[in-house]
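Results of the structural survey
In case you want the letters, here they are:
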Amino acid sequence: MPTAAKLLSALILAAVGWMCGELVKPLMPEGRDLSYLSPTTAAVGFFVGWFYLGPRADRGLGTTGANAGTTLFVQVFMTLFTFAFAKMIGNSLRKRYDGPIEALQDIFIIGFEMAIEYTTAEIAAVAILGVFIASSSAFYAARKWG
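Residues numbered from 1 in each chain as written. Predicted model: local features only at pLDDT ≥ 70, side-chain atom pairs only at ≥ 80, totals over all residues. Heavy atoms only, no water.

A word on a positive patch on the surface
Side chains of Arg32, Lys87, Arg94 and Arg96 sit close together on the surface and give a patch of like positive charge. Take Arg94: it is sitting in the loop between helix H3 (64–93) and helix H4 (100–118). (Patch = residues over 30% accessible without salt bridge, like charges linked within 9 Å, V, L, I, M, F, W, Y side chains within 5 Å. Areas by Shrake-Rupley, 256 points an atom, 1.4 Å probe, with all protein chains shown as cover. Salt bridge = Lys/Arg side-chain N within 4 Å of Asp/Glu carboxyl O. Lys, Arg positive; Asp, Glu negative; His and termini not counted. Charge placed at Lys NZ, Arg CZ, Asp CG, Glu CD. Helix = DSSP H or I, 4+ residues; strand = E, 2+ residues; numbered from the N terminus.)

Right, dumping it as structure tokens:
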């Protein structure tokens, strides 16, 4: 059921995802098509805000920080998993794996390498601040309109 907390947290996390996607673009190698990067990160942020943070927004002011921390973890994990899965599919179509288990294991290796390569202080600051704002805003929206 749509609520104000779900909508507000989804929109804020989509904006956070978009901004983080824009901050990652200069770190990527030249010559790559990056037109999908920001919309994909925004879609993941919207999904996490709607299905994860929004329903947990009305549990009390003391849980706002805990919600922000777990939401940050979920959004980063889902974003890395999405891009690592896409890269694994590309590698799989080029016949780089001996079997399906090797391909599935490579998702986590690719995601870990992406996390190390593309994490900067600016991206971390935007993500942490944005998720905290989303969590606080969702809490107040749930209290006011929920």
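As for the packing of helix H1 (residues 4–24) against helix H2 (residues 37–53)
Contact pair H1 / H2: the axes reach a minimum separation of 7 Å and the direction vectors enclose 150°. The pairing of H1 with H2 is recorded here as roughly antiparallel in orientation. Two packed elements cross with a definite hand, and for H1 against H2 that hand is right-handed. Every residue of H2 that contacts H1 at Lys6, Leu7, Ser9, Ala10, Leu11, Leu13, Ala14, Gly17, Trp18, Gly21, Glu22 and Val24 is listed here: Leu37, Ser38, Pro39, Thr41, Ala42, Gly45, Phe46, Val48, Gly49, Trp50 and Leu53. The class makeup of the residues in the contact of H1 with H2 is 14 nonpolar, seven polar and two charged. (Axes fitted to C-alpha atoms, helices over the stretch in contact; angles between N-to-C directions. Parallel < 35°, antiparallel > 145°, perpendicular 65-115°, else oblique. Left-handed = near helix turned anticlockwise from the far one by under 90°. Contact = heavy atoms within 4.5 Å. Nonpolar A, V, L, I, M, F, W, Y, C, P; charged D, E, K, R; others polar.)

Brief notes about the packing of aromatic side chains
Going through the model one piece at a time under the given rule, you end up with eight aromatic pairs. Considering the side-chain rings of Phe47 and Phe51, the 5.0 Å spacing of their centres and the 50° angle between planes classify their relative orientation as tilted. Here Phe47 and its partner Phe51 are both found in helix H2, four residues apart, which amounts to about one turn of the helix. For Phe47, a relative accessible area of 43% gives the class partly exposed. Measuring from centroid to centroid gives 6.3 Å for Phe73 and Phe77, while their planes differ by 20°, and the two rings are stacked. Of this pair, Phe73 and Phe77 both sit in helix H3, separated by four residues, roughly a single helical turn. Its relative accessible area of 59% is what places Phe73 among the exposed residues. By relative accessible area, Phe77 is classed as partly exposed at 40%. A connected cluster of aromatic rings, assembled from ring pairs, spans Phe73, Phe77, Phe81, Phe85 and Phe108. One cation-aromatic arrangement involves Arg56 over Tyr52; the distance from NZ or CZ to the ring centre is 4.0 Å. (Phe/Tyr/Trp six-rings, centres within 6.5 Å; stacked < 30°, edge-to-face > 60°. Buried < 20%, exposed > 50% of the residue type's maximum accessible area, 1.4 Å probe, protein only. Lys NZ or Arg CZ within 6 Å of the ring centre and 35° of its normal.)

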